[in-house]
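Survey of secondary and tertiary structure
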Amino acid sequence: MRPASSHAERHVMRIFLTGATGFIGGSLAVALLESGHHVRGLTRSAEAGPALRDLGVDPVLGTLDDASVLAAEAQAADAVINAADSDHEASAAVLTEALAGSGKPLLHTSGSSIVGEPADGQAQDDVYTEADIVEGGSWEPSPDKTARVALDRMVLSAARSGVRSVVLCNSMIYGTGKGLNPDSVQVPRLVATARRSGVTRHIGPGENIWSNVHLDDMCDLYLRALEGAPPGSFYFVENGEADFRQITEAIATALRQPPPQPIDIDAAIAEWGYEPAVYALGSNSRVRAIRPRTELDWKPQHTSITGWISRSIRPT
């Protein structure tokens, strides 16, 4: 497939975006606007409206539980990008139903913790591609991730109802957000704990590995998927991997702290909560983005999360 079109060649779309005030959604909003698209962004807070307008986003007041708002905006848009909550089944169902028979793109955001299992910082060898995740195959998610996988597959099945539905399954995203929220959910948690306590922590031995992707490369893939992904496509979003010992060593060095120290899983849950500790920071999530490279000519440019940490995180 040819590379994504230039700004001038792209078909300008009116896009309804959920999660417009978030890290992923806000960054996508800016990338979409820079590509010439018109963005209407869902926000729960009227107070966020002026800041969204300053970015160039038309704010839509509502929540993921406002089915009538979601349906009306989806039907009025040329495309929908759902970047608010990977686990909110009701909103995803409303969007797929509203777009049925339209042929419009629906890009749904998932996360590669779907392949993770509780590991308490221990390494695991399994590496997954898109082909491993297809429904009906031998792979099964952990019980904590069954609902998310079912939601992803529900979105993908909308392709049979005339929706150009696509699931983008992000790995660990690094980079500074371009919208209203600059922080992702993994590295900033580790940095915040280190700043508060004076000690950088990894769970257990820190040997668990996560694939990762730079925010700019992620945004590029969403734009390519918006333009040309076939209906029913599932894409991992990754370009490299690192274990948490490497990540926390880079954080400790950047903050001029002593070497990182282990934290046990119970203490980690108390510090960060169950889902972040067990999955986002304590599991392995090793994936390979084969299909976007072959189908969308995606060529990510950034390769080193530890290099980004060294360049971007400061002691104060």
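What counts and what doesn't
- Residues numbered from 1 in each chain as written.
- Predicted model: local features only at pLDDT ≥ 70, side-chain atom pairs only at ≥ 80, totals over all residues.
- Heavy atoms only, no water.
- Helix = DSSP H or I, 4+ residues; strand = E, 2+ residues; numbered from the N terminus.
- Rg over C-alpha atoms; globule rule 2.2 N^0.38 Å.
- Buried < 20%, exposed > 50% of the residue type's maximum accessible area, 1.4 Å probe, protein only.
- Areas by Shrake-Rupley, 256 points an atom, 1.4 Å probe, with all protein chains shown as cover.
- Lys, Arg positive; Asp, Glu negative; His and termini not counted.
- Charge placed at Lys NZ, Arg CZ, Asp CG, Glu CD.
- 1 Å grid on protein atoms, 1.4 Å probe; cavity = no way out; pocket = protein on both sides within 12 Å on 5 of 7 lines; lining within 4 Å.
- Points joined across faces, edges and corners; volume = space filled by probe spheres on them.
- Nonpolar A, V, L, I, M, F, W, Y, C, P; charged D, E, K, R; others polar.
- Core = buried A, V, L, I, M, F, W, Y, C linked by side-chain atoms within 4.5 Å.
- Contact = heavy atoms within 4.5 Å.
- Arc of directions from axis to C-beta.
- Polar contact = N/O pair within 3.5 Å; in protein donor to acceptor, adjacent residues only side chain to side chain.
- pLDDT = per-residue confidence, 0-100.
- Salt bridge = Lys/Arg side-chain N within 4 Å of Asp/Glu carboxyl O.
- Phe/Tyr/Trp six-rings, centres within 6.5 Å; stacked < 30°, edge-to-face > 60°.
- Lys NZ or Arg CZ within 6 Å of the ring centre and 35° of its normal.

In terms of helices and strands, the chain carries 13 helices and 14 strands. In terms of C-alpha radius of gyration, the chain reaches 19 Å, essentially the compact-globule figure of 20 Å for 316 residues. For the chain, the C-alpha atoms occupy an extent of roughly 55 × 45 × 40 Å along the three principal directions. Counting across all 316 residues of the chain, residues that qualify as buried make up 54%. When the accessible area of the chain is evaluated, it comes to approximately 13,100 Å², of which 50% is carbon and sulfur surface. Between the centroid of the 27 positive side chains of the chain and the centroid of its 39 negative side chains there is a distance of 6 Å.

A word on the layout of surface pockets. For the largest pocket, the calculated volume is near 1,000 Å³. The wall of the largest pocket is formed by 40 residues, among which Ile 24, Ala 84, Asp 85, Ser 86 and Val 185 lie closest to the centre. Elements represented by at least two residues in the lining of the largest pocket include exactly helix H1 (23-34), strand S2 (38-43), strand S5 (105-111), strand S8 (172-174) and helix H11 (274-281). Looking at side-chain class alone, the lining of the largest pocket contains 13 nonpolar, 20 polar and 7 charged residues. As a volume, the second largest pocket reaches approximately 290 Å³.

Looking now at the nonpolar core. Ranked by internal contacts, the top residues of the largest apolar core, which has 66 residues, are Leu 168, Met 218 and Phe 236. When residues in this core are grouped by element, the largest group, 8 residues, is from helix H8 (residues 215-228). When residues no more than four places from it in sequence are discounted, the contact partners of Met 218 are Ile 24, Leu 28, Asn 170, Ile 173, Val 213 and Val 237. Within the second largest apolar cluster, 28 residues are counted, among which are Phe 244, Leu 255, Ala 277 and Ile 305.

The next thing to look at is the environment of Gly 228. Inspection of the secondary structure assignment puts Gly 228 in helix H8. Between the alpha carbons of Gly 228 and His 214 there is a distance of 21 Å; along the sequence they are 14 residues apart.

Despite not being glycine, Asp 120 has its phi angle at roughly 50 degrees, a positive value. Backbone geometry places Arg 256, a non-glycine residue, at a positive phi of 60 degrees. By the secondary structure assignment, Arg 256 is in the loop between helix H9 (244-255) and strand S13 (261-263).

Among the residues of helix H7 (residues 187-197), Val 187, Leu 190, Val 191, Thr 193 and Ala 194 are the ones counted as buried. For H7, the buried positions fall inside an angular range of 165 degrees around the axis, keeping them on one side. On its buried face, H7 sits against S8, strand S9 (201-203), H9, helix H10 (265-272), H11 and helix H13 (305-312). Gly 198 sits one or two residues past H7 and shows a positive phi near 85 degrees.

The next subject is the environment of Thr 109. Along the chain, Thr 109 falls in strand S5. A relative accessible area of 4% means that Thr 109 is categorised as buried. In sequence terms Thr 109 and Ala 98 are 11 residues apart; their C-alpha atoms lie 18 Å from each other. Discounting residues that sit within four places of it in the chain, Thr 109 has contacts with Ile 24, Asn 82, Ala 83, Ser 86, Leu 168, Asn 170 and Tyr 222. At a separation of 3.0 Å, a polar atom in the side chain of Thr 109 contacts the main-chain carbonyl oxygen of Asn 82.

Summing up the model confidence of the chain, the mean pLDDT is 96 and the portion of residues at 70 or higher is 97%. pLDDT under 50 marks residues 1-8. Its contacts with residues more than four places away, or in other chains, come to 18 contacts.

What follows is about the pattern of salt bridges. Counted by the stated rule, this structure contains 12 salt bridges. In this structure, Lys 145 and Glu 275 form a salt bridge, with 2.6 Å as the shortest nitrogen-oxygen distance. Pair noted here: Lys 145 is in the loop between helix H5 (130-133) and helix H6 (146-157) and Glu 275 is in helix H11, with a separation of 130 residues, a long-range link. The exposure class of Lys 145 is buried, given its relative accessible area of 3%. A salt bridge links Asp 216 to Lys 178, with the shortest nitrogen-to-oxygen separation between them at 2.9 Å. Here Asp 216 is found in helix H8, whereas its partner Lys 178 is found in the loop between S8 and H7, with 38 residues between them in sequence.

What follows concerns the packing of aromatic side chains. Scanning all chains against the criterion turns up 3 aromatic pairs. Here Tyr 128 and Trp 139 contribute two aromatic rings whose centre-to-centre distance is 6.4 Å and whose plane-to-plane angle is 65 degrees, an arrangement assigned as edge-to-face. One end of the pair, Tyr 128, is in strand S6 (residues 128-129); the other, Trp 139, is in the loop between H5 and H6, and 11 residues separate them in sequence. According to the relative accessible area criterion, Trp 139 is buried, its value standing at 9%. Taken together, a centroid distance of 5.2 Å and an interplanar angle of 85 degrees make the contact between Phe 234 and Phe 236 edge-to-face. On the basis of relative accessibility, which here comes to 7%, the residue Phe 234 falls in the buried class. Note on Phe 236: relative accessible area 0%, which makes it buried. Over the ring of Tyr 279 we find Lys 145; its NZ or CZ atom is 4.7 Å from the centre of that ring.

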